[in-house]
Every structure is written in C-alpha cells, then in structure tokens.
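Examining the three-dimensional arrangement
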Amino acid sequence: MSDSGSSRKVAVIAGAGPAGLTAALELLRRSDVMPIVFEADSQVGGISKTVNYRGNRMDLGGHRFFSKSDWVMRWWQEILPVAQNQIEQNQSVRISYRQQSRDWVPASAAPRSPDAVMLVRQRLSRIFYRRRFFDYPLKLNASTLGNMGFMETMRIGLSYGQAQLLRRSPEASLEDFFINRFGDRLYRTFFKDYTEKVWGVPCEEISAEWGAQRIKGLSVTKALTHALTSPFRAAGDTAQRQTETSLIERFLYPKFGPGQMWEEVARLIAQRGGAIHLGHRVVGVERDGMRITAVDVRDAATGTVRRIPCDFLISTLPVRDLAAFLQPDDPAVVRIADRLPYRDFMTAGLLLRKMLSPVGQRTASAANGMPPDNWIYIQEPDVKIGRLQVFNNWSPGLVADSDTIWLGLEYFCGEGDELWSLDDGRFLDFAAGELEKIGLIDRRDVLDGTVVRVPKAYPAYFGEYREFGHIRTYLDQFANLYPVGRNGMHRYNNQDHSMLAADAAVRSIINRGEGKSAIWGINADGEYHEAIGAVA
Ligand SMILES: Cc1cc2nc3c(=O)[nH]c(=O)nc-3n(C[C@H](O)[C@H](O)[C@H](O)COP(=O)(O)OP(=O)(O)OC[C@H]3O[C@@H](n4cnc5c(N)ncnc54)[C@H](O)[C@@H]3O)c2cc1C
C-alpha cells in the first residue's frame, strides 16, 4: 500500500483526540509510516478540546494535566513548557491527581510564544449541599458539623454504627458496598444521588465490585480518627503543617485550556507533513478476512464518501461503532458491542456579571461574588446539575473579560433523552433557572450563554460490558488494527492513558506487530476518578 504512489506505508488514524494525535506525531517522529487522521468534529482534541465561544473558552469537564508517566510529563512539556513566572528555576513542584502525587522539576525550555505555556494551578473544589458549602473531600470538622447540625451528625453516626453491626452480606450491589462502609444515612446524603445522577442507573444495579475497584483509601474510620485526634495536635506543629502543605493539590494546565495542547500537536503534525482531515467521519471499515484494507470516510462539507486504502488502522472510534463497521460473523460480538453502555454529558456555558453567596456562607473570592473553586459538586437533590465549573479559576486565559464570571454547568445525561433533546435556548434557560433556584445566581445577571453536547463522554462499566472480553478477543485477531484511547478501548482513560496506548501502538507498528497486547495492559486497573465519591 502506498501514500499517493510512494512506497510509504499508510496508517489511517480514526479520531483526532489525544490518542489519535499522539499516534500521528509519534509515527512521524519515529517511523516512515504516513499517518492520515480523520476527525468527524470541526476541531481537534476530542473530549479534551477547548471550545471557544466569543473569546470565552470552555473546558468540557475540567482537564487536569497529571501523569505518573515521565514520558507523558516530558512530552507535554516539550509541546507547552511551564511558564517561567509560575515557578522558581529548578524548583520542584508537587503535582497531584486524586490520591496520587509526584514531585517534578519542570525543564526550563523557552516557549514558542508567550502564550504557548502551561500554568501551575492550585485545586479547590467543594460540595454544595443544603444550600451550603462542604469541604471536599468531606472532612469531619467544625464547619461540616455546623453545616449538618448536631442532630443530623448524630443520626449519621448511629447509622454508621448500625451498618458496622449489621453488615449487608453478600455485598452484591454498589448500594451494599456504600452502606457497609459509610452507613445508610451518609450514603443517602453524599453518595446515592450524585452517583445516580452521573450514571443514570440506581446504585442497586451497579455491582459492588465496581465500587471496590474505585473507592480506594476512602474510610470513615480514618476520617473519624483524624477528627477526634486533631484537637490534641499542637497548632503550630511543623510536621503537621508540612503534611498539609504537601496535600495542596496542584496540577498543570495549558493557558488556553486542554485543547491548546492538542492544537499545538496538530500544528506539529502538519509541520512534519502529516495530514489531519477535520469534518471527515469514518463511516465504514473494509476488511479482507481478518485484515483491514481500507476505511470509508464521509466529508461533511460535500457529503461524498471516499475509500482510503491503509496498511494499519489506529482506531479511537467507540468500540460499538468499530465493531459495527467490521460486521463480525459472530452474533455474540454484534450483540455485546451494540449494547455497550455509555453516559453522555452536556455543558451550558454561562457568562455572568456577578454571582450570589448563599445566606450565611462566605464563599466569594472576588467582589463580583465569584467563588474561589475550580469546580463545585452540586449535591442538591432538587436540581439536575451535577457540577459547576468556574473557568476563571482554571486559567484567566479562558475568559475574555476578567470582570465577568464564566461558568460551565455540567449535566450527565443520555444521548437523545429529554435533556439532551432540549433546544439550546431552552436548555440555557433551564440551566440558569437551576442555578438561580439553589441561590447561586440571579438570572438577570446572565450576559450570554452557549451549549456543548459530548456524546459518549463516559464508557460505562455495567450491563453488557461484563462480556467485553469477547469483543477484545475478536478485535485482537486483526493484526493491523490498533484500538486505542478512551472509547477506543471502552475504558476510563485519562489523557495520559490514551497517549500511552497510542505510543504502544506506534511501537508495535514499528516492531512489526510485536508487543501489541501491551496496549490492553495500560490503565488496566481502571483507577480513574472524575467525580465525587470516586465513582464517576
Ligand atoms: C468530564 C470529564 C473530565 C475529564 N477530566 C480529565 C482530567 O482531569 N485529566 C485528564 O487527563 N483526562 C480527563 N478526562 C479524560 C479525557 O477527556 C480523555 O481521556 C481523552 O480526551 C481521551 O482521548 P481519546 O483520544 O482516547 O478520545 P477522545 O477524546 O474521545 O477523542 C476521540 C475522537 O474521535 C472522534 N471520532 C469519533 N467517531 C468518529 C468517526 N466515526 N470518525 C472520525 N472521528 C471520530 C471524536 O470526534 C473525537 O474527537 C476527562 C473526561 C471527562 C468526560
């Protein structure tokens, strides 16, 4: 196979998210294989793109840049170095993501332009419940007790004690799992509604095993011990202060949001002669037995479908779509793939003049009432909103006018459901109404807004996913097919996992197929947490 008559082999890459773009750049850097990327969207970055709405930029979900992999950390920094004013020279920065952290000395590379940089940001996120702010992670301190009230705290304590005496056995569902560890009352207060909002499935229908995999290190006993012993620790205890300082979560963040990283990568790919076709959806995959021979691609602008011959296919397409394109002979593969579950996601970007502080709550960090958080988990049962992003606090570069507040109101939903199907105007109206209802804004302060829908944001681990091994075995039979990435592998990959999978695919292509199975070993424990209670 050749690229326009040359003898170079061709790798078609389906999708220009972090996985697809990493694969393209690495093929260009390390091999003679020509990558041709097809992306259905009109911009690069996948779920990690930045949406620019009239100069205000939205990050879909809030993307922290953190990786345990040195390779990924160096890779990012080569593309977007950390801005000089963010760090002292050769100073080590402790960056964290959930329960992982690492010390890291940014290289003193000069950026391509003053704006092509990463910032070191400090994380703050809280829980909003009962029209009050709670620390996140939840702490058993005076503020929490004050917010909950004495009686409610006692009820939670009693219910926890009861759960320890009368454990649910067998522990079959996620509900059993939560109640055994936190008691019924705490479960209903902080875990049930949010988990069900995220996944759209009752906790009774999610397996306990899933909770066990994801809720590492979260313990009521630990929290209680900490709360009970804290009065005995000296106020000026240096060791204690140092621990607390090291617990401050910092993360790297491109000045203009995560998409800036991927736009830079796309620029480098083009510079090296790689091709990225935006607005081109893969609509079919041709095979000869168990070998991929070509893909069919539809150009959104003209509607024409072209057949592109290839030697390799690196697919970041949802497994459901890829399997359908391959038309498997085995009916079990067809059935499982067709029913793989996903959860979708919508964001309303709202631009505001100012925000309100709930009664008795000192929340604002600015004169216009903007809270200091990067994001806030909304636990209120009377609204559908799941999380509230305050984009100003991710990076000032995301906001066109620093006197305004630029928010992202995030909703977990199902593609095609009632919420998803609302037209943009009605959805914006609904979302603004929810923030007003919980007392965070007066909707007369809304200046502008936009809506972004993210289909298949979360590959879900229930239902037919239990039989995923069957699909994997089928896909593995294609020697020149490399499924990588988040939906490409139906796994909760962060950007770094998607990149590592792409790197492993490139290595295997260079090594004539050797090491292909390593791809499935990346992020195999699925340890990935995006939301409260570590269950989303
Ligand atoms: C709410 C939320 C928060 C997150 N937070 C973080 C975080 O803090 N840190 C972090 O590192 N990661 C985070 N992630 C994960 C991150 O978004 C993903 O890991 C990353 O974007 C996955 O990259 P990918 O290339 O595998 O897939 P994607 O980003 O999904 O890219 C796949 C691409 O394929 C394209 N495509 C699909 N079908 C076709 C087709 N038929 N033809 C052509 N193109 C097609 C899509 O349009 C898309 O551009 C978060 C995700 C979510 C949903």
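Every value quoted in this text rests on a predicted model; they were computed, and no experiment measured them. (Residues numbered from 1 in each chain as written. Predicted model: local features only at pLDDT ≥ 70, side-chain atom pairs only at ≥ 80, totals over all residues. Heavy atoms only, no water.)

Time to look at helix H6 (residues 184-199). The largest bend along H6 reaches roughly 40° and is located at Phe-191. Restricting attention to buried positions, one finds in H6 the residues Leu-186, Tyr-187, Thr-189, Phe-190, Phe-191, Lys-192, Tyr-194, Thr-195, Lys-197, Val-198 and Trp-199. With its phi angle positive at about 70°, Gly-200 sits one or two positions after the end of H6. (Bend = angle between axes of the 7 residues up to and from the residue. Helix = DSSP H or I, 4+ residues; strand = E, 2+ residues; numbered from the N terminus. Buried < 20%, exposed > 50% of the residue type's maximum accessible area, 1.4 Å probe, protein only.)

Read from one edge of the open sheet, three strands run S12-S13-S14, paired in antiparallel fashion. Strand pairing shows two members of the sheet lacking a second neighbour, strand S12 (280-288) and strand S14 (305-309), which therefore form its edges. The sheet shows a mean angle of 25° between the axes of neighbouring strands, taken without regard to direction. In this structure, strand S13 (residues 291-299) lies alongside S14, joined through five bridges in antiparallel fashion. Following the sheet pairing, Val-295 is matched in S14 by Ile-308. Of the strands in this sheet, S12 and S13 touch helix H11 (residues 319-326), which is tilted by about 45° from S12. (Pairing = 2+ DSSP bridges. Axes fitted to C-alpha atoms, helices over the stretch in contact; angles between N-to-C directions. Contact = heavy atoms within 4.5 Å.)

A word on the packing of aromatic side chains. Within this structure, the stated rule accounts for 36 aromatic pairs. Over the ring of Phe-177 we find Arg-181, and its NZ or CZ is 3.8 Å from the ring centre. Over the ring of Tyr-342 we find Lys-456; its NZ or CZ atom is 5.3 Å from the centre of that ring. (Phe/Tyr/Trp six-rings, centres within 6.5 Å; stacked < 30°, edge-to-face > 60°. Lys NZ or Arg CZ within 6 Å of the ring centre and 35° of its normal.)

Our next topic: the packing of H11 against helix H16 (residues 468-476). Packing of H11 against H16 brings their axes to within 12 Å, and their N-to-C directions diverge by 50°. One way to sum up the angle between H11 and H16 is to call them oblique. Crossing of H11 against H16: the hand is left-handed. Where H11 abuts H16, its residues Val-319, Leu-322 and Leu-326 lie against Phe-468, Ile-471, Tyr-474 and Leu-475. Split into classes, the residues belonging to the contact of H11 with H16 amount to seven nonpolar, no polar and no charged. (Parallel < 35°, antiparallel > 145°, perpendicular 65-115°, else oblique. Left-handed = near helix turned anticlockwise from the far one by under 90°. Nonpolar A, V, L, I, M, F, W, Y, C, P; charged D, E, K, R; others polar.)

So, on to the site of the ligand. Around the ligand sit 33 residues in total, of which Glu-39, Ser-48, His-63, Arg-64 and Asn-493 are the nearest. Within the backbone of Pro-18, a nitrogen or oxygen atom sits 3.2 Å from an oxygen atom of the ligand. A distance of 2.9 Å separates an oxygen atom of the ligand from a polar backbone atom of Ala-19. Against a free-state accessible area of 1,000 Å², the protein chains account for coverage of 94% of the ligand. With three residues, S12 is the single largest residue contributor to the shell around the ligand. The class makeup of the residues in the shell around the ligand is 12 nonpolar, 15 polar and six charged. (Near = heavy atom within 4 Å. Polar contact = N/O pair within 3.5 Å; in protein donor to acceptor, adjacent residues only side chain to side chain. Areas by Shrake-Rupley, 256 points an atom, 1.4 Å probe, with all protein chains shown as cover.)

Right, let's talk about the pairing of strand S1 (residues 10-14) for a bit. Of all five residues in S1, five are buried; the element is thus mostly enclosed. Going residue by residue along S1, you find Val-10, Val-12 and Ala-14 tucked away on one face and Ala-11 and Ile-13 tucked away on the opposite face as well. Inspection of the sheet shows S1 paired to strand S2 (residues 34-39) by five bridges, in the parallel sense. Paired with Ala-11 across the bridge in S2 is Pro-35. Note on the crossover from S1 through helix H1 (residues 18-30) to S2: the handedness is right-handed. Here S1 pairs with strand S15 (residues 312-315) via four bridges, running parallel. The residue bridging Ala-11 from the neighbouring strand is Phe-312, located in S15. (Right-handed = clockwise from strand over helix to strand, strands pointing away.)

So, about the pattern of salt bridges. Within the structure shown, the criterion is met by 37 salt bridges. Among the salt bridges present, the one from Glu-152 reaches Arg-155, with a minimum N-O distance of 3.0 Å. A residue pair is termed a helical-turn pair when its members lie 3 or 4 positions apart in one helix, as Glu-152 and Arg-155 do in helix H4 (residues 150-165) at three residues. Taking relative accessible area as the criterion, Arg-155 reaches 37% and is therefore assigned partly exposed. (Salt bridge = Lys/Arg side-chain N within 4 Å of Asp/Glu carboxyl O.)

Residues Trp-76, Leu-252, Trp-262, Leu-313 and Leu-326 are the most contacted members of the largest nonpolar core, which totals 83 residues. Contacts of Leu-326, omitting those with residues within four sequence positions, involve Val-285, Arg-287, Ile-292, Tyr-474, Leu-475, Phe-478 and Leu-481. Counting 48 residues, the second-largest nonpolar core is a separate cluster that includes Leu-186, Phe-391, Ala-460 and Phe-462. (Core = buried A, V, L, I, M, F, W, Y, C linked by side-chain atoms within 4.5 Å.)

This part takes up the packing of H4 against helix H5 (residues 174-182). Between H4 and H5, the shortest axis-to-axis distance is 7 Å and the interhelical angle comes to 110°. Of the possible angle classes, the one that applies to H4 and H5 is roughly perpendicular. Listed contacts from H5 to Tyr-160, Ala-163 and Gln-164 of H4 are Ile-179, Asn-180, Arg-181 and Phe-182. Within the contact of H4 with H5, the residues separate by chemical class into four nonpolar, two polar and one charged.

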